[in-house]
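Spelled out from the first residue to the last, the chains are:
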Amino acid sequence: MRRREFITLLGGAAAWPLAARAQQTTPAVSLVYDATPSEAAPFVAAFQRGLLEVGFVEGQNVAVEYRYAGSHYEQLPALVAEFVNRQIAVITPVALAARKATSTIPIVFLTGTDPVKLGLVASFNRPGGNATGVSFLTVATETKRLGLLRELLPKATVIGALADPNFLTTAGQLKDMQDAAPTLGQEIHVVEASTESQLDSGFATLAQLRPDAVVVVASPFFTGRRERLVALADHYRMPAMYSWREFPAAGGLISYGTSFTDAFRLAGVYSGRILKGEKPADRPVLMPTKFELVINLKTAKALGIAIPDKLLALADEVIE
């Protein structure tokens, strides 16, 4: 139940069956996220922009209800059940639980792993059933992050990996890292953290290992606590690689991955299209085509790291 994916269940005017539409004039979308309101703010704004792109303005022609679970993941199934019972849209990190909870309410998900293997959809092109969404496949990018870290710090051989064991894709991400590390002359030391207190103890453990650099493995739990993680990396003076640009924007050193914010926007677009009558079964699962390399020069300077010209040329964004 702690596997965290991002789900939108759309109800009200857009929900199936058609009889439900007659009971409600304003379609309702509900967003549940495993973070605090402040941590989720940029992603909520992106979701709202996606709705706007297809003609839906919150408070005018669509209602949006928000629930924030913070780090209390055990609350998520109950929140899903609440919104399923009310026949309105729900976004939840527990993809499989949502699929088990309803086979009629449309689902729009964001997932970092293969939705076919999860059983969410029949295929990427023709999902079938009541679910579709965005797959940004974080597992497929960990090897690239290690390679970029190698270019940034050629002498870095001992790499710490801070990983959230409760996140669905963590095992796959770590396997990719462990498989790729020998070819790059690196060895990976994994430290787990899945609670607030374990963030502090995890970095303290990493400090004892004395790694040359750290990879913060992609996880919604970590993304919601990006400012704290960046502060811990700064405190221990550890060069750290992240998955999303929000980390360098908060003062982290470097990130590589798809745009997490844009994935939320696409979820909003798909939610709006389904509100207009399109069926999830007919909408292909989207896969981002753009990957962002973001570097924070101020942080690099504070760590005494000179960014190679090659990396600067490759960077999509340089924060000074």
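These numbers come from a predicted model, not from an experiment.

Engineer: Help me understand the overall build of the protein, please; the structure alone is not making it clear to me.
Structural biologist: Helices and strands together make up the secondary structure of the protein, namely 13 helices and twelve strands. Buried residues in the protein amount to 56% of all 320 residues. In the protein, the share of contacts with a sequence separation of at least 24, taken over all contacts with a separation of at least 6, comes to 75%. Total accessible area on the protein is roughly 13,000 Å²; 53% of this is exposed by carbon and sulfur atoms.

Engineer: It is not clear to me how the pattern of salt bridges should be interpreted in this structure. Could you clarify?
Structural biologist: Where charged atoms from two side chains of opposite charge approach closely, those side chains can pair. Using the criterion set out here, one finds 15 salt bridges in the structure. In this structure, the salt-bridge partner of Glu278 is Arg283, at a minimum N-O distance of 3.3 Å. Since its relative accessible area comes to 31%, Glu278 is described here as partly exposed. Through salt bridges that share partners, Glu65, Arg67, Glu82 and Arg86 make up one connected network.

Engineer: Before we go on, may I ask you to explain the environment of Arg225 in this structure?
Structural biologist: Residue position: Arg225 is located in the loop between α8 (220-224) and α9 (226-235). Judged by relative accessible area, Arg225 falls into the buried class, the value being 4%. Each C-alpha atom of the pair Arg225 and Glu196 lies 8.9 Å from the other, and the pair is 29 residues apart in sequence. A polar contact is formed between the side chain of Arg225 and the side chain of Glu196, at a distance of 2.7 Å. At a separation of 3.0 Å, a polar atom in the side chain of Arg225 contacts the main-chain carbonyl oxygen of Phe221.

Engineer: Help me out: how do you make sense of the side chain of Thr102 in this one?
Structural biologist: Position of Thr102 relative to the elements: it lies in the loop between α3 (95-101) and β4 (107-111). Given a relative accessible area of 6%, Thr102 falls into the buried group.

Engineer: Just checking my understanding: could you explain α9 for this structure?
Structural biologist: An α-helix turns once every 3.6 residues. As a result, residues three or four positions apart point the same way. Those residues of α9 that fall on the buried side of the exposure criterion are Arg226, Leu229, Val230, Leu232 and Ala233. All buried residues of α9 project into a common sector of 160° when viewed along the axis, lining one side. For α9, exposure combined with an orientation more than 90 degrees from the buried face picks out Glu227, Asp234 and His235. Two residues or fewer after α9 comes Arg237, characterised by a positive phi angle close to 50°.

Engineer: Help me understand the nonpolar core in this model?
Structural biologist: Where a protein is soluble and globular, its nonpolar side chains tend to be buried together. In terms of nonpolar packing, the biggest core is built from 47 residues, with Tyr33, Leu162, Phe203, Phe222 and Leu229 touching the most fellow members. Residues Ile159, Ala180, Tyr256 and Leu303 belong to the second largest nonpolar core, which totals 29 residues.

Engineer: It is not clear to me how helix α11 (residues 260-275) should be interpreted in this structure. Could you clarify?
Structural biologist: The end-to-end C-alpha distance of α11, which contains 16 residues, comes to 23 Å, matching closely the 22 Å that a straight helix rising 1.5 Å per residue would cover. For α11, a buried count of 14 out of 16 residues is recorded, marking the element as mostly surrounded by other parts of the structure.

Engineer: Would you explain the packing of aromatic side chains in this entry?
Structural biologist: What characterises a pair of aromatic rings is the spacing of the ring centres plus the angle enclosed by the ring planes. Under the criterion given, the structure shown has eleven aromatic pairs. A centroid spacing of 5.2 Å and a plane angle of 80° characterise the contact between Phe260 and Phe264, whose relative ring orientation is edge-to-face. Residue Phe260 and its partner Phe264 are both found in helix α11; the two are separated by four residues, about one turn of the helix. An identical accessibility class is assigned to Phe260 and Phe264; each is buried. By the ring-pair criterion, three or more aromatic residues cluster together here, those being Phe43, Phe136, Trp244, Phe260 and Phe264.

Engineer: Honestly, the confidence of the model for the protein in this entry has me stumped. Any pointers?
Structural biologist: In regions of low pLDDT, the predicted coordinates are not meant to be interpreted in detail. With 89% of its residues at a pLDDT of at least 70, the protein reaches an overall mean of 86. Scored below 50 in pLDDT, residues 1-6 makes 40 contacts in the model with residues more than four places away or belonging to other chains. Here residues 8-23 scores under 50 on pLDDT; set against residues more than four positions off or in separate chains, the count is 61 contacts.

Engineer: Would you take a moment to explain the packing of helix α7 (residues 196-209) against α9 for this structure?
Structural biologist: Two quantities define a packed helix pair, namely the angle between the helix axes and the distance between the axes. Between α7 and α9, the shortest axis-to-axis distance is 10 Å and the interhelical angle comes to 20°. Of the possible angle classes, the one that applies to α7 and α9 is roughly parallel. In this structure, α7 crosses over α9, and the sense of that crossing is right-handed. Across the interface between the two elements, Glu196, Leu199, Asp200 and Phe203 from α7 touch Arg228, Leu229, Leu232 and Ala233 from α9. Looking at the contact of α7 with α9 residue by residue, the class counts come to five nonpolar, no polar and three charged.

Engineer: What should I look at first to understand the sheet that holds strand β7 (residues 187-192) in this one?
Structural biologist: Read from one edge of the open sheet, seven strands run β7-β6-β8-β9-β10-β11-β12, paired in mixed fashion. Single-partner strands in this sheet number two, and they are β7 and β12 (317-319). With strand direction ignored, the average angle separating the axes of adjacent strands in the sheet is 20°. Alignment of strand β10 (residues 254-257) against strand β11 (residues 292-296), held across four bridges, turns out to be antiparallel. Across the sheet, Tyr256 pairs through a bridge with Leu293, a residue of β11.

The rules behind each value
Residues numbered from 1 in each chain as written. Predicted model: local features only at pLDDT ≥ 70, side-chain atom pairs only at ≥ 80, totals over all residues. Heavy atoms only, no water. Helix = DSSP H or I, 4+ residues; strand = E, 2+ residues; numbered from the N terminus. Buried < 20%, exposed > 50% of the residue type's maximum accessible area, 1.4 Å probe, protein only. Contact = heavy atoms within 4.5 Å. Areas by Shrake-Rupley, 256 points an atom, 1.4 Å probe, with all protein chains shown as cover. Salt bridge = Lys/Arg side-chain N within 4 Å of Asp/Glu carboxyl O. Polar contact = N/O pair within 3.5 Å; in protein donor to acceptor, adjacent residues only side chain to side chain. Arc of directions from axis to C-beta. Core = buried A, V, L, I, M, F, W, Y, C linked by side-chain atoms within 4.5 Å. Expected span 1.5 Å × (residues − 1). Phe/Tyr/Trp six-rings, centres within 6.5 Å; stacked < 30°, edge-to-face > 60°. pLDDT = per-residue confidence, 0-100. Axes fitted to C-alpha atoms, helices over the stretch in contact; angles between N-to-C directions. Parallel < 35°, antiparallel > 145°, perpendicular 65-115°, else oblique. Left-handed = near helix turned anticlockwise from the far one by under 90°. Nonpolar A, V, L, I, M, F, W, Y, C, P; charged D, E, K, R; others polar. Pairing = 2+ DSSP bridges.

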